[in-house]
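Letter by letter, the chains look like this.
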Amino acid sequence: MGETKNQEHDVTRRNVLKSAGIAGVGAALLLTGLKGKAGADVKAYPQVKIANVNNIPAGKSIKFDYPLAGRKNILVNLGCNVEEGAGSNKSIVAYSMFCTHLGCAVEIDKESGMLICECHQTVYDPKHSGKVVEGPAPNSLPMVQLEVDNNGDIYAVGVAGLIYGMRNNLLDGEEVK
């Protein structure tokens, strides 16, 4: 009789494992099928003209909204070749001005060339993809992706990273024109 209980227990465990395996495969197939449909509703980043390379000498910065109104960013010509830089010298970069710690404003420090949070003094390095140099911020600043056309016009075309306080960079706001 003890042997019968063991067989019943093995059959139950086997059935549970089979059911779990089938459920896992079914979930994977369902998610794969929904992936294409979910992607159809995703908005694309707008292409927004910011400035012309001829109007941004080394050391100059320009503030602009992107990808939606009120989402402040800063474009800077660092005057030297940098990671992810745009323009013929690869010296122009742009970042969100919202600190990744608590969303306070980030400004360029003219002396050091660093981006510094006005609230808790997190220091970001614009020459190295906006990485945190010191301070309480947990992540690098979101970098605005730039493209330069044949006329030297600089366009914002995307954002690498999530802007502070946003669940999606393209939701809940007015488009920049």
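Because the structure is a prediction, the values reported are computed rather than measured.

Analysis parameters
Residues numbered from 1 in each chain as written. Predicted model: local features only at pLDDT ≥ 70, side-chain atom pairs only at ≥ 80, totals over all residues. Heavy atoms only, no water. Pairing = 2+ DSSP bridges. Helix = DSSP H or I, 4+ residues; strand = E, 2+ residues; numbered from the N terminus. Axes fitted to C-alpha atoms, helices over the stretch in contact; angles between N-to-C directions. Disulfide = S-S within 2.5 Å. Buried < 20%, exposed > 50% of the residue type's maximum accessible area, 1.4 Å probe, protein only. Contact = heavy atoms within 4.5 Å. Salt bridge = Lys/Arg side-chain N within 4 Å of Asp/Glu carboxyl O.

To continue, consider the sheet that holds strand E6 (residues 115-117). Strand order across the open sheet formed by four strands is E5-E6-E7-E8, with antiparallel pairing between neighbours. Each edge of the open sheet carries a strand with a single partner, namely strand E5 (106-108) and strand E8 (131-134). Across the sheet, the mean angle separating the axes of adjacent strands is 35 degrees when strand polarity is ignored. Examined bridge by bridge, strand E7 (residues 123-125) and E8 share three bridges and lie antiparallel to one another. Along E8, the bridge assignment pairs Asp125 with Lys131.

Okay, the state of the cysteines next. Under the counting rule described, the total for this entry stands at one disulfide. The partner cysteine of Cys104 in its disulfide is Cys119, sulfur to sulfur 2.1 Å. On the sign convention where negative is left-handed, the bridge of Cys104 and Cys119, at about -95 degrees about the S-S bond, is left-handed. You can see Cys104 sitting in the loop between strand E4 (92-96) and E5 and its partner Cys119 sitting in the loop between E6 and E7, a full 15 residues away along the chain. Residue Cys104 is classed as buried on the basis of its relative accessible area, which comes to 16%. Of all cysteine sulfurs, the one in Cys117 lies closest to Cys99, which takes part in no disulfide; the gap is 3.8 Å. For Cys99, a relative accessible area of 1% puts it in the buried group.

Before going further, it helps to spend a moment on the pairing of strand E9 (residues 143-148). Where E9 and strand E10 (residues 153-160) come together, six bridges link them in antiparallel fashion. Across the sheet, the residue bridging to Leu146 is Ala156, located in E10. Hairpin connection of E9 to E10: four residues between the antiparallel strands, including Gly152 at a positive phi of 90 degrees.

Among the secondary structure elements, Thr122 is positioned in the loop between E6 and E7. In this structure, Thr122 is in contact with Cys99, Leu115, Ile116, Cys117, Val132, Glu134, Gly135, Pro136 and Ala137, ignoring residues within four places of it in sequence.

Another point: the pattern of salt bridges. Considering all chains together, one arrives at three salt bridges under this definition. In this structure, the salt-bridge partner of Lys49 is Asp153, at a minimum N-O distance of 3.4 Å. A residue pair is termed long-range when its members are at least 10 positions apart, and Lys49 in strand E1 (residues 48-52) and Asp153 in strand E10 qualify at 104 residues. Residue classification places Asp153 among the buried residues on the basis of a relative accessible area of 11%.

Turning to unusual backbone geometry, a few remarks are in order. Cis geometry marks the peptide bond from Tyr66 to Pro67; its omega dihedral reads -5 degrees. Structurally, the position occupied by Pro67 is in the loop between strand E2 (61-65) and strand E3 (72-77). Not every positive phi belongs to a glycine, and Glu84 is a case in point at roughly 65 degrees. If you trace the backbone, Glu84 turns up in the loop between E3 and E4.

Scope: geometric values only; no functional claims are made or implied.
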